[in-house]
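# Structure at a glance
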Amino acid sequence: MDSSRFTHHGHALRSGRLSEANRAYLLTTVTYQRHPTFQDWRSARLLIAEMRRLHDQQLVHSLAWVVMPDHLHWLVQLREMPLSKLVLQLKSRSAIAINKARNASGRVWQKGFHDHALRKEEELTTTARYIVANPLRAGLVKHIGDYPHWDAIWL
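Let us look at the structure shown here. (Residues numbered from 1 in each chain as written. Predicted model: local features only at pLDDT ≥ 70, side-chain atom pairs only at ≥ 80, totals over all residues. Heavy atoms only, no water.)

## Focus: the sheet that holds strand E2 (residues 60–68)
As summarised here, the arrangement of the five strands in space is E4-E1-E3-E2-E5, forming an open sheet in which the pairing is antiparallel. In the strand order of this sheet, the two ends are held by strand E4 (114–117) and strand E5 (150–152), each with one partner. In this sheet, neighbouring strand axes are inclined to one another by 20° on average, regardless of whether the strands run parallel or antiparallel. Judged from the seven bridges that link them, strand E1 (residues 24–30) and strand E3 (residues 71–78) form a sheet pairing that is antiparallel. In the strand pairing of E3, alanine 24 is matched with glutamine 77. Most of the contacts of helix H2 (residues 41–56) go to E2, to which it runs at about 170°, and overall it touches E2, E3 and E5. Where helix H3 (residues 83–102) meets the sheet, its contacts fall on E1, E2, E3 and E4, and the angle it forms with E3 comes to roughly 135°. (Pairing = 2+ DSSP bridges. Helix = DSSP H or I, 4+ residues; strand = E, 2+ residues; numbered from the N terminus. Axes fitted to C-alpha atoms, helices over the stretch in contact; angles between N-to-C directions. Contact = heavy atoms within 4.5 Å.)

Listed below in structure tokens is the structure:
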């Protein structure tokens, strides 16, 4: 397998990255070597539990998300925690929980992540619809209600 296609340039994304409290960001992160880790129901639910924990602790305001087999899209409104720390906590805690549940060790996540700060003119609901429609576009389901690993505050 050609490992070069799995190379992630997260280091390039970090330079110049800003985190603004109360701003909405679309975060995307992928599993290590794009392994379909989240085809496993339990692994997907462990990731979701960590996302909810961060929200419930008011470290982030979770607006919408979808857990795809090999990546996550998460629309958040930041609180005081910087983006890099938020993603680090999510990835490290979910990896520990997933590895423990699988009685395994090793990497769960690819290094780095992509973020897009939503501008004022961008619609949050339009972005949320795009996020939750990912399983439809990927051909995983015919109706979004049939896909179990997504949520949005507008429901």
